[in-house]
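Listed below, chain by chain, are the residues.
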Amino acid sequence: MKTLILPVILAAGTLLPATTLNAETYGGFEPGKKFTLTVTERTSTRTKGDEVTRDASIPDGIPNFSKGQKVRFRIGDDGNLVGGEFNISFRREQGDIVFYSNNPTFRKPRGDAATVTKNSFGRPIAATLTFYRFRFSGFIPITNTVNYEFER
């Protein structure tokens, strides 16, 4: 009986891929994971001083997705959420929601935030992405906010 234990353990070890033993996940997603979601809502607002413009044109540097467009997402090496024109850092997971954000700085006055909602099997089923850009025109602050909602 003792002589059979070692071969059984070795055989069982070869059945499990080595990546599942040491794979680090971010919010339950392994780096390299890809998924596609569809844009269901899009809002764009520009605020100049106290004047608010709804359905504003989307400025350069912010992704310009159309309602109904399919967008492919990927989880980067550090757990970041990557898609075409954006790369948003992983922050944390809480329940079925994974949070991402790039915080603005003085030198880079732009902020990006995202949430990805998972189903009970850990698969992405919805997401929200929000992009902020802040600048001044003379002494007047201008803020652009673009928000996208996605579903499977």
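Preceding this paragraph is the structure being described.
This structure is a prediction, so every number in the text was calculated from the model and none was measured.

Novice: Any details on the pattern of salt bridges? Residues and values, ideally.
Specialist: Evaluation of the coordinates by the stated rule reveals 3 salt bridges. A salt bridge links Lys 67 to Glu 41; the shortest N-O distance between them is 3.6 Å. Linking Lys 67 in the loop between β2 (51-54) and β3 (70-75) with Glu 41 in strand β1 (residues 34-48), this pair joins segments that are 26 residues apart in sequence. The class of Lys 67 is exposed, set by a relative accessible area of 60%.

Novice: Help me get a handle on the pairing of strand β8 (residues 110-118), residues and values and all.
Specialist: Relative to β8, strand β7 (residues 97-102) runs antiparallel, the two being bridged by 6 bridges. Its bridge partner being in β8, Tyr 100 is matched across the sheet by Ala 114. Pairing geometry for β8 and strand β9 (residues 124-137), over 9 bridges, is antiparallel. Note that in β9 the partner of Ala 113 across the bridge is Thr 130.

Novice: Now, about the packing of aromatic side chains: what can you tell me, with residues and values included?
Specialist: Enumeration according to the criterion identifies 13 aromatic pairs in this entry. One aromatic cluster is present, built from ring pairs that chain together Phe 29, Phe 35, Phe 65, Phe 73, Phe 86, Phe 131, Tyr 148 and Phe 150. Positioned over the ring face of Phe 99 is Arg 92, at 4.4 Å from the centre of the ring. Cation over ring: Lys 118 sits above Phe 29, and NZ or CZ is 5.6 Å from the ring centre.

Novice: Tell me about the nonpolar core, and please be specific about residues and values.
Specialist: Grouped together as the largest cluster of nonpolar side chains are 23 residues, with contacts concentrated most on Phe 73, Leu 81, Phe 86, Tyr 100, Leu 129, Tyr 148 and Phe 150. Listed by contribution, the elements that provide at least two residues to this core are β1, β3, β5 (86-88), β7, β8, β9 and β10 (140-151). Not counting chain neighbours up to four residues away, the residues in contact with Phe 86 comprise Pro 63, Phe 65, Phe 73, Leu 81, Leu 129 and Phe 131.

Novice: Summarise the environment of Val 52; cite the residues concerned and give the values.
Specialist: Assignment of secondary structure puts Val 52 in strand β2. On a C-alpha basis, the gap between Val 52 and Ile 142 in space is 9.8 Å, while along the polypeptide they are 90 residues apart. Beyond its immediate stretch of four places on either side in the chain, Val 52 contacts Thr 45, Arg 46 and Thr 47.

Novice: An account of the environment of Gly 32 is requested, with residue identities and associated values reported.
Specialist: Structurally, Gly 32 is set in the loop between α2 (18-22) and β1. Placed 45 residues apart in sequence, Gly 32 and Asp 77 show a C-alpha to C-alpha distance of 7.0 Å. Every residue in contact with Gly 32, bar those within four places of it in the chain, is listed here: Arg 74 and Ile 75.

The rules we used
- Residues numbered from 1 in each chain as written.
- Predicted model: local features only at pLDDT ≥ 70, side-chain atom pairs only at ≥ 80, totals over all residues.
- Heavy atoms only, no water.
- Salt bridge = Lys/Arg side-chain N within 4 Å of Asp/Glu carboxyl O.
- Helix = DSSP H or I, 4+ residues; strand = E, 2+ residues; numbered from the N terminus.
- Buried < 20%, exposed > 50% of the residue type's maximum accessible area, 1.4 Å probe, protein only.
- Pairing = 2+ DSSP bridges.
- Phe/Tyr/Trp six-rings, centres within 6.5 Å; stacked < 30°, edge-to-face > 60°.
- Lys NZ or Arg CZ within 6 Å of the ring centre and 35° of its normal.
- Core = buried A, V, L, I, M, F, W, Y, C linked by side-chain atoms within 4.5 Å.
- Contact = heavy atoms within 4.5 Å.

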